[in-house]
Every structure is written in structure tokens, then in C-alpha cells.
Number of protein chains: 4
Amino acid sequence: MLKALCMRLAHLGLSAHFVFDMTTPPITPKDLLIASAGPGGFSTVDAICSVAKSHGGRVLLLTAQPETGSTVKYADAVAYVAAQTMADDEEDGGGREKSRTLLPMGSVYEGAMFVLFEMVVYKMGEVLGESPEAIRARHTNLE
Amino acid sequence: MLKALCMRLAHLGLSAHFVFDMTTPPITPKDLLIASAGPGGFSTVDAICSVAKSHGGRVLLLTAQPETGSTVKYADAVAYVAAQTMADDEEDGGGREKSRTLLPMGSVYEGAMFVLFEMVVYKMGEVLGESPEAIRARHTNLE
Amino acid sequence: MLKALCMRLAHLGLSAHFVFDMTTPPITPKDLLIASAGPGGFSTVDAICSVAKSHGGRVLLLTAQPETGSTVKYADAVAYVAAQTMADDEEDGGGREKSRTLLPMGSVYEGAMFVLFEMVVYKMGEVLGESPEAIRARHTNLE
Amino acid sequence: MLKALCMRLAHLGLSAHFVFDMTTPPITPKDLLIASAGPGGFSTVDAICSVAKSHGGRVLLLTAQPETGSTVKYADAVAYVAAQTMADDEEDGGGREKSRTLLPMGSVYEGAMFVLFEMVVYKMGEVLGESPEAIRARHTNLE
């Protein structure tokens, strides 16, 4: 979902880059790193956020586990996405027969991110005054 | 969304591979290629589907434009996802003031695929008799 | 190897983008697409080159098969890399015992591209007057 | 270069997977993680190696800085690639005019890895008794 968000931010005319893409520049104190760790932390997300902080970048963390996650300590701002992730999809046990969850593991969190990012991009399009035509014209034709 | 579907199919214990990943084997007559072209066709999707057909593979195409798309001719089966894509997000013009679409370009199609794939994976989990625990145990820890 | 070249071109301060990266803009008549098809053609390379041409972009093709390849017809310029690829690594057959090639399939071609790209980037650094320090400062710290 | 190595190992019929590919399974005590950190360490490489160790996997680290690097502590085995990397490409300063290095930053290390991996894959093909034809037949046709 972060890849889609990154593409949409670039469509808006912003200087957006995806970590691990070929032409991503170094992060500076003027930049914001947007990270996601539904269950609260992943070793690689922690690593990238730590590097971003050490170079003066700000970090926005999306997570469903703002209390217990390992990545929170690197975040300047935390966006709490109140959705089931792999961290709590097994917690409703307790003796009774376990039924198949309709949206297992991190699916609810992924779906919540999809809706959230659409809302954010819609609002940013308004605020930046970018017309739908201008946004569309930035979409690559090499596909 | 296809990347997520591929991961979920591998979680189900199926021999699933993502085109362009490093260890994807050659396609054979026993394999099914699942392709998506919301607007009906992309040059690269056409190219991959054409190669798959020429090696005897079957092709399932997801599209919102089953009538007019260029990829349909390679498909053994077409899944019609009735959602707006880049092919028709500008069609409602006609003189009146154009308002900002809440879900622009291919967003509705992407959301529809998200829901569809969750439903398909849920059903396949039942049919294959794979328990949620077995599925979860196949998720990588290298993240 | 093209990924590495793309990164080096961005290090030089050029507006370089890798096809399929998230923030790659549409190609325009001012842009050059650098493509590689050692054996002379791949369906996806043909597809991307075709799209680039149809939008007015110029195409530089690297290949070891400039005579017979399917991609050549899209190229404004062809760079002939005289190296073995998958197109001719089996040609030396003829009855005698087949020995294991030290550099099989496309390995010689890949190695030749590595050396070629280093030379090109070195020359471009001189021409553009970009100091090694400036080049290095553009390398991402998010790794 | 690790991506190319992973592809070649899969060509040899081994169960090889690239970290971050869609279908990569969890690492187990039976698995070997091959990591590379020319300058001795990257935050993300440290993170992945740490996870691999905590799940019982073994770690082989390729590096040009076996003495000082941060990743070495996770390695069961270290392959010392004696080549210049970003860690020491600026060290030969000392008052005199700095000339442009022919192979700057990590280029020598990348080239050394290319040669090393070709040699390793050649030897493994012999040891495993995999014929060039069998190896080639595992190369994907979806490209």
C-alpha cells in the first residue's frame, strides 16, 4: 500500500521517492519518511527509521500497535490505524472452536490503509490545487 | 494487488510465483497466469500473456474492459471487474463543471481487486483445507 | 545491470528513472529510453520500447544480436555489445562432447555491460564536471 | 549482484529465494542466508541477519570490511572480498590533488562479486552434476 501511496504523492507533483527504488536520494532534515508497521515493528522498518532519524529526517509511523511496537520510538508522529494485524489475529482463542477469520493476518490493516491513503490523497489534491487532469498527466505511460 | 494475491497463494501452499521475481520458473502447459489490466490492456501485460500462451500456459485476465481491451485476445478466461479505471474516469464530462472524483483513475478498480482477492483466498483456504495456522506459518519472517 | 546504470546516472545529477519504479514519470519526446536485450529481443522490452516510440521518446538499445533481434526495429540507436548471450550459448554443438562453459547463458553479456557502464559513467562524470564528492553525496543513506 | 546469484542458484535446482520477493518462505535452522555488506554493514542488512539468526538460520556474510563492520557479529561465516567499497574510496587523500577514480564508490566490490559468483555457480554446477541444458531449462520464459 505504501508503494501505491508513493506513486500518488508523485502524481501530486511532490518530490516523493520509494525506499529501495533506484533513484531515491539521501534523506535530509527537510524530508519526511512515511513508514508502516501494522504489528508495531519489523526489523527492516526499525532499521530504515533509525537511519532516517540519524540524518535529521522526520518519521511518520502508521501502526495498529502504538503502545507496544518497537518502531514507535523512532517516530515523530504516530498515525494509529485501529485494525487487526498479525500481532493480534490469534488472540481471540480461549477454548472455543477457532473459526476461519474472513480477513486473516494483516488484511484488515491493509484495507484500512487503502481507504486512509485514498482519503489523504484526495484531501492533498484539494489543498495543493492540483487538478485531476494534472495529476493524471503525471502517471507513467511506460507500463 | 497482484503481488499481495501471489503472496497469499504461496501462503496457501500452492506453487505460486510473481513474474519478474528472481526465482520464477518458466511457464508450462500446467500453469495458470493471472494477469490484470483494468483499462483492458497494457503493452507489458500483453507481452507477458502472449509469451505465456505461446508456451502452452493458460491465462486468466482480470479487467474492467472485457469488450475493448487489447489483452482479452490472450485470455482463456476473463474475470470482469465492473469498476472505473483510467479508461473511463474522464468519460462523464460533457460541458458541466468537472468535480474531483473521490476515487480517481484506477482506485475503484484497485479496491475492487482487494476485496475480490480476499474473498477468493478465503474460499480457497476452505477448499484446500488449509488451517489459518498453517497459512500463517508460511509467512516469511525476513521482513 | 540497467538498475545499477540508472542509479549511477541519478548520482550524476541527471533526471534518471527506472521503468517500473514507483515514481517514474511518463516518457516524452525529450527523453531517452535505454533498453537492453542481449539475445536481441524480449517481449516485455519490445513492449516498453514500442510505447516509448509512440510517445515520441528516443530509444537506445544495447544488444548482442543487432541483425536478428526483434527489438532493433524500435531503436533510434543500437549499441552492439559483442558478447555471448542465451541466443548463441548453445551454438558450438556438432557431435563432439559438450563441455561446461565457464560463463554460461548471458553471463559474458552481463559482464560486458558492467564494464561498459562503468566506462560510460566515468566519461559522463568528466563531461558533466561532477566531482566524485558531489556524485557520492547523491547516494541514498536509506539502505 | 545478489539478485543474479539467487537466480543462478534457482537455475541449479536449489530452493533459493530472494528476501523481499513475494513468495519467500520463513527462514528455518536448515537455511543459509547469504548477505552482502561491502562497507561492513547496512542497517537493513543487519536487521535481516539478526532476524535470520534469531530463527536459527545460518548467515554467510560477504564483505570488504571484516574487521570493522557492524554485520560481522551476525555471521557464521565471513567471505572476505578484498575490494574497495564506499568505506574506503576516499581514504587516499592527504593534501595532493584528488583524481577521479576509474571505479568509484562500490564499483570494484560489485565487479569482484560478479566474478566470484560466476566462479561459485560454475563449481556448484559441477558438484551438483547439473548439465548446462538442465540449468538453462529452469530459466524463466516470462521476460
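Residues numbered from 1 in each chain as written. Chains lettered and ligands numbered in written order. Predicted model: local features only at pLDDT ≥ 70, side-chain atom pairs only at ≥ 80, totals over all residues. Heavy atoms only, no water.

Draft legend 1. Structural detail: the pairing of strand 1 (residues 32–36) of chain B. All names here are of chain B. The pairing of strand 1 with strand 2 (residues 58–63) spans five bridges and is parallel. Each bridged residue has a counterpart across the sheet, and for S36 the counterpart in strand 2 is L62. One crossover worth recording links strand 1 to the parallel strand 2 by way of helix 2 (residues 43–54), and it is right-handed. (Pairing = 2+ DSSP bridges. Helix = DSSP H or I, 4+ residues; strand = E, 2+ residues; numbered from the N terminus. Right-handed = clockwise from strand over helix to strand, strands pointing away.)

Draft legend 2. Examining the interface of chain D and chain B more closely. Listed by partner, the interface residues are 27 residues for chain D and 27 residues for chain B. In total, chain D and chain B occlude about 2,200 Å² of area from one another, counting both sides; carbon and sulfur atoms represent 66% of this. Broken down residue by residue, the surface that chain D buries against chain B is led by M22, N141 and L142 of chain D, which jointly contribute 35%. Taken together, the links from chain D to chain B amount to zero salt bridges. Our count for the contact surface shared by chain D and chain B stands at six residue pairs in polar contact (both at pLDDT 80 or more). At the level of elements, helix 1 (2–11) and helix 2 (43–54) of chain D are the ones that each hand at least two residues to the side of chain D that touches chain B. (Contact = heavy atoms within 4.5 Å. Buried area = accessible area lost by both parts, 1.4 Å probe. Salt bridge = Lys/Arg side-chain N within 4 Å of Asp/Glu carboxyl O. Polar contact = N/O pair within 3.5 Å; in protein donor to acceptor, adjacent residues only side chain to side chain.)

Draft legend 3. Region of interest: the relation of the copies chain A and chain B. With an axial shift of 0.0 Å and an RMSD of 0.0 Å, the rotation relating chain A to chain B amounts to 180°. Put plainly, the chains are arranged around a two-fold axis. In this assembly, 100% of the residues forming the interface of chain A have copies in chain B that are likewise at the interface, indicating an isologous arrangement. (Least-squares fit on C-alpha atoms with pLDDT ≥ 70 in both.)

Draft legend 4. Seen up close, the environment of S131 of chain D. Residues and elements named next belong to chain D. Along the polypeptide, S131 turns up in the loop between helix 3 (107–128) and helix 4 (132–137). Judged by relative accessible area, which is 29%, S131 ranks as partly exposed. For the pair S131 and T71, spaced 60 residues apart in sequence, the C-alpha separation works out to 36 Å. Looking at S131, its side chain comes within polar contact range of the main-chain nitrogen of A134, at 3.0 Å. (Buried < 20%, exposed > 50% of the residue type's maximum accessible area, 1.4 Å probe, protein only.)

Draft legend 5. Representation of helix 1 of chain D. Considered for burial, the residues of helix 1 of chain D that qualify are L5, C6, R8, L9, A10 and H11 of chain D. On its buried face, helix 1 of chain D is in contact with helix 3 (107–128) of chain C together with strand 1 (32–36), helix 3 and helix 4 of chain D. Just downstream of helix 1 of chain D lies G13 of chain D, where phi reads positive at about 90°.

Draft legend 6. Focus on the pattern of salt bridges. Residue and element names in this part refer to chain A. Counted according to the given criterion, the structure contains 17 salt bridges over all chains. Between R8 and E118 there is a salt bridge whose closest N-O contact spans 2.6 Å. Placement of R8 in helix 1 (residues 2–11) and of E118 in helix 3 (residues 107–128) is noted, with a sequence separation of 110 residues between them. By relative accessible area, which is 17% here, R8 ends up buried. Note on E118: relative accessible area 7%, which makes it buried.

Draft legend 7. Summary view of a positive patch on the surface. Together, K3 of chain A, K3 of chain B, K3 of chain C together with K3 of chain D give the surface a local cluster of positive charge. By the element assignment, K3 of chain D lies in helix 1. With a relative accessible area of 35%, K3 of chain D lands in the partly exposed category. (Patch = residues over 30% accessible without salt bridge, like charges linked within 9 Å, V, L, I, M, F, W, Y side chains within 5 Å. Areas by Shrake-Rupley, 256 points an atom, 1.4 Å probe, with all protein chains shown as cover. Lys, Arg positive; Asp, Glu negative; His and termini not counted. Charge placed at Lys NZ, Arg CZ, Asp CG, Glu CD.)

Draft legend 8. Layout of the relation of the copies chain D and chain B. In the superposition of chain D on chain B (RMSD 0.0 Å, axial shift 0.0 Å), the rotation amounts to 180°. The residues that chain D uses at the interface reappear at the interface of chain B in 100% of cases, marking a shared surface.

Draft legend 9. Inspection of the packing of helix 1 (residues 2–11) of chain B against helix 3 (residues 107–128) of chain B at higher detail. All names here are of chain B. The geometry of helix 1 relative to helix 3 is characterised by a closest axis approach of 10 Å and an angle of 10° between their N-to-C directions. On the basis of the axis angle, helix 1 is roughly parallel to helix 3. Counting all contacts with helix 1, which are made through L2, L5, R8 and L9, the residues of helix 3 involved are F117, E118, V121 and M124. (Axes fitted to C-alpha atoms, helices over the stretch in contact; angles between N-to-C directions. Parallel < 35°, antiparallel > 145°, perpendicular 65-115°, else oblique.)

Draft legend 10. Structural context of the confidence of the model for chain A. Residue and element names in this part refer to chain A. When pLDDT is averaged along chain A, the result is 93; 94% of the residues meet or exceed 70. Scored below 50 in pLDDT, residues 93–97 shows zero contacts in the model against residues more than four places distant or in partner chains. Quick note on the complex model: pTM equals 0.93, ipTM equals 0.89. (pLDDT = per-residue confidence, 0-100.)

Draft legend 11. Molecular detail of the sheet that holds strand 2 (residues 58–63) of chain D. Residues and elements named next belong to chain D. Read across the open sheet, the three strands follow the order 1-2-3; overall the sheet is parallel. Edge strands, defined here as strands with exactly one partner in the open sheet, are strand 1 and strand 3 (77–80). In this sheet, adjacent strand axes meet at a mean angle of 20° when their direction is disregarded. Both strand 2 and strand 3 contribute to a ladder of four bridges, which runs parallel. Bridging across to strand 3, L62 finds its partner in A79. Strand contacts of helix 1: strand 1 and strand 2, with the helix running at about 150° to strand 1, the strand carrying the most contacts.

Draft legend 12. Seen up close, the packing of aromatic side chains. Evaluation of the coordinates by the stated rule reveals two aromatic pairs over all chains. Ring geometry for F20 of chain B against F20 of chain C: centres 5.6 Å apart, planes inclined by 35°, an arrangement best described as tilted. Pair noted here: F20 of chain B is in the loop between helix 1 and strand 1 and F20 of chain C is in the loop between helix 1 (2–11) and strand 1 (32–36), and the two residues belong to different chains. On the basis of relative accessibility, which here comes to 44%, the residue F20 of chain C falls in the partly exposed class. (Phe/Tyr/Trp six-rings, centres within 6.5 Å; stacked < 30°, edge-to-face > 60°.)

Draft legend 13. Spotlight on the sheet that holds strand 3 (residues 77–80) of chain C. Residues and elements named next belong to chain C. Pairing in this open sheet of three strands is parallel, and the strands run 1-2-3 from one edge to the other. Since the sheet does not close on itself, it has two edges, and those belong to strand 1 and strand 3, each with one partner. Pairs of neighbouring strands in the sheet enclose a mean axial angle of 20°, with direction left out of account. Relative to strand 1, helix 2 (residues 43–54) is tilted by about 165°, and along the sheet it contacts strand 1 and strand 2 (58–63).

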